[in-house]
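# Observations on the three-dimensional arrangement
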Amino acid sequence: MNRPQNFGEIHLLIAYKWVLLRDRKGFLRKIADEIGVQEFTWGLAFVYIDHEAGITADLYGFCEESQPIDSDRKVYTVLDTLLAHRKRIIFRFDMFTPMLPAILGDRDVEAMNLPKDPDWLQLYKRPDLEEIRQRAELYTLVAPGFPDDIKFELPAQKRGQGSELIWGRIEMQTPEGLYVCTLLNQPHQPGMGFNKGDRLLVEVIVNDPKPDAAHAICRGHYPPKPPARFDFFSFFKKKTR
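I will try to describe carefully the structure that is included in this document. In this text, all values refer to a predicted model and were calculated from it rather than measured experimentally.

## Concerning the nonpolar core
- Counting 36 residues, the largest nonpolar core has Leu21, Phe62 and Phe91 as its most contacted members.
- Mapped onto this core, the elements with two or more residues apiece are strand S1 (17–21), helix H2 (27–35), strand S2 (42–50), strand S3 (54–66) and helix H3 (93–96).
- Looking at this core, the element that brings in the most residues is S2, giving seven residues.
- Other than its neighbours up to four places away in sequence, leucine 21 contacts Leu28, Trp42, Gly43, Ala45, Leu59, Phe91, Phe96, Met99, Leu100 and Pro101.
- By size, the runner-up hydrophobic cluster in this structure holds 21 residues, among which are Ile166, Ile170, Phe194 and Ala216.

Here it is, written out as structure tokens:
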């Protein structure tokens, strides 16, 4: 399998997978001590996408790795789970990726009697966004660990301004093919006409078949703001005072 070249591909590679975690800086050892696990080989976690918090690993428990003499396959045995102790520990993308040595295959997941998808996953699933997350033109635009957050250009709104790169979170797509994004940052330049929290229409443009040729630009507010109406009577009153 080819190595992923960008964060969009990395997100798709690890999302909705069972993974093994190595103990780094003693994080797992401390948790294992709290629930009474003496020795373990790996932490065991399920990786999912939180629309707002990004790629997340939910620590399921701890497992032991062994290699039977008569087999060339390693065997993983679940030792204990956090659920049994009414605990929940989660790691965000930048913390758990250095701990990630392996993604478990379907055969190992089945042998460990793990569910393909945990019951709680329905709280985070976004079927309306799953197809969007797989679009190659977005791979180089997404933020590290945040599959739904893309960078795009805010065009200058008046003379003397420059355009500005900014981050927005994809919420949906319009029938015209534009993305509706929530603006995640306040523009640095005053008078841009956009504020943090606004919903904007963003167009992703690919001028070349290569995904890394894509760029995105804001096309205005969503829904579009109606043009300002000229109030003739108010204007007339001011002129006659």
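There's more to say after this.
## Quick notes on the side chain of histidine 221
- Counting through the fold element by element, histidine 221 comes out in strand S12 (residues 214–221).
- The exposure class assigned to histidine 221 is buried, which follows from its relative accessible area of 14%.
- Reaching out from histidine 221, the side chain makes a polar contact with the side chain of aspartate 198 at a distance of 3.2 Å.
- Setting aside residues up to four positions removed in sequence, histidine 221 forms contacts with Gly193, Phe194, Asp198, Arg199, Leu200 and Leu201.

## Some points on H2
- Turning to H2, its buried residues are Leu28, Ile31, Ala32 and Ile35. For H2, the angular spread of the buried residues around the axis is 100°, confining them to a single face.
- Looking at the buried side of H2, the elements it contacts are S1, S2, S3, strand S4 (75–81) and strand S5 (89–92).
- Glycine 36, located one to two residues past H2, shows a positive phi value of around 85°.

## Remarks on the packing of aromatic side chains
- Enumeration according to the criterion identifies nine aromatic pairs in this entry.
- Between tryptophan 18 and tyrosine 60 the ring centres are 5.1 Å apart and the planes differ by 85°, which places this aromatic pair in the edge-to-face class. With a gap of 42 residues between them, tryptophan 18 in strand S1 and tyrosine 60 in strand S3 connect regions that are remote in the sequence.
- The class for tryptophan 18 is buried, based on a relative accessible area of 4%.

## Brief notes about unusual backbone geometry
- In this structure, proline 223 follows tyrosine 222 across a cis peptide bond, with omega equal to -10°.
- You can see proline 223 is positioned in the loop between S12 and helix H6 (232–240).
- At tyrosine 16, a residue that is not glycine, the phi angle is positive and equals roughly 60°.
- By the secondary structure assignment, tyrosine 16 is in the loop between helix H1 (7–14) and S1.
- Given a relative accessible area of 17%, tyrosine 16 falls into the buried group.

Each value, and the rule that gives it
Residues numbered from 1 in each chain as written. Predicted model: local features only at pLDDT ≥ 70, side-chain atom pairs only at ≥ 80, totals over all residues. Heavy atoms only, no water. Core = buried A, V, L, I, M, F, W, Y, C linked by side-chain atoms within 4.5 Å. Buried < 20%, exposed > 50% of the residue type's maximum accessible area, 1.4 Å probe, protein only. Helix = DSSP H or I, 4+ residues; strand = E, 2+ residues; numbered from the N terminus. Contact = heavy atoms within 4.5 Å. Polar contact = N/O pair within 3.5 Å; in protein donor to acceptor, adjacent residues only side chain to side chain. Arc of directions from axis to C-beta. Phe/Tyr/Trp six-rings, centres within 6.5 Å; stacked < 30°, edge-to-face > 60°.

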